Amino acid sequence: MVRKMSAVAARAFSASRPRSLRMSRTTAFLPRLSSSKIGLAAWSEPMVSKKPRIVLLHGTPVAIEPIQRAFATRWPEAEPVDLLDASLSIDRAKDHDLTPRMFERFVELGGYAHRIGAEAILVTCSAFGPAIERMAKELPVPVLKPNEAMFREAIGRGRRIGMLDRKSTRLN
């Protein structure tokens, strides 16, 4: 079963939003989540808010303030909700590769975000690419990587793109 994104969330991610927060129309439709995929005995439909609730999944506390400030100035109509698991960055630094447990943790955190009413999830740490992709496949709401909009805009501007990164894990 496919679930269409709510009209509020669709408008929020439309072309009228800042480029850094846009998403393609094709990502507005994702498979519906079954309770067995996230290990829940039962789940209900998320709470509905007048403002689009965007859950910001942080792997480090330093990301919270700048992103909250960006939402306040560039998208005040949204209701950004912070979800911090500082152990994500700590555990990622210990393991060179993403572990199966790390993938599970992202799906579990995404399930929690969905249950508290997220109309979309923005992961603010780029060191978890494949785990973010897995979460996106499991959830019925859009899930965005922190650098996704930047890459789309860069690709749309030209063919020669240079990128510097101080942590190779972010390129996964």
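Small disclaimer: the values here were computed from a predicted structure and weren't measured. (Residues numbered from 1 in each chain as written. Predicted model: local features only at pLDDT ≥ 70, side-chain atom pairs only at ≥ 80, totals over all residues. Heavy atoms only, no water.)

## Observations regarding the packing of aromatic side chains
Definition in use: Stacked, tilted and edge-to-face are the three classes applied to pairs of Phe, Tyr and Trp rings, where Trp contributes its six-membered ring and a pair requires centres within 6.5 Å; stacked means planes under 30 degrees apart, edge-to-face means over 60, and tilted covers the rest. Whether a residue is buried, partly exposed or exposed follows from its accessible area with a 1.4 Å probe, protein chains only, as a fraction of its type maximum: under 20%, in between, or over 50%, in that order. In this description a helix means any DSSP run of H or I spanning at least four residues, a strand means any run of E spanning at least two, and both kinds are numbered starting from the N terminus.
Considering all chains together, one arrives at two aromatic pairs under this definition. Ring geometry for Phe71 against Trp75: centres 5.6 Å apart, planes inclined by 25°, an arrangement best described as stacked. Assigned by exposure class, Phe71 and Trp75 land together as buried. Pairing Phe106 with Phe128 gives two aromatic rings, centres 5.0 Å apart and planes at 40°, and the pair type is tilted. In this pair, Phe106 is assigned in helix H4 (residues 100-115) and Phe128 in the loop between strand E5 (120-123) and helix H5 (129-138), connecting sequence segments 22 residues apart.

## Comments concerning the nonpolar core
Our working definition: To define a nonpolar core, start from buried Ala, Val, Leu, Ile, Met, Phe, Trp, Tyr and Cys residues and group those joined through side-chain atoms within 4.5 Å. Only heavy atoms matter for contacts: two residues are in contact if any of them lie within 4.5 Å across the pair.
Counting residues in each nonpolar core, the largest one holds 25 residues, and the members touching the most others are Val55, Leu57, Phe106, Ile121, Val123, Phe128 and Val143. Examining the composition of this core, we find that five residues originate from one element, H4, more than from any other. When near neighbours in sequence (up to four residues on either side) are disregarded, Ile121 contacts Val55, Leu57, Gly110, Ala113, Leu139, Val141, Pro142, Val143 and Leu144. By size, the runner-up hydrophobic cluster in this structure holds ten residues, among which are Leu56, Ala63, Trp75 and Ala120.

## Structural notes on the pattern of salt bridges
Going by this rule: The salt bridge criterion pairs a side-chain nitrogen of Lys or Arg with a carboxyl oxygen of Asp or Glu, the two atoms within 4 Å.
In this structure the tally under the stated criterion is nine salt bridges. Of the charged contacts in the structure, one is a salt bridge between Glu65 and Arg69, with a shortest N-O distance of 2.3 Å. Linking Glu65 with Arg69, this pair stays in helix H2 (residues 64-74), spanning four residues, or about one helical turn. Among the salt bridges present, the one from Glu104 reaches Arg101, with a minimum N-O distance of 3.1 Å. Residue Glu104 and its partner Arg101 are both found in helix H4; the two are separated by three residues, about one turn of the helix. Judged by its relative accessible area of 42%, Glu104 is partly exposed. With a relative accessible area of 40%, Arg101 lands in the partly exposed category.

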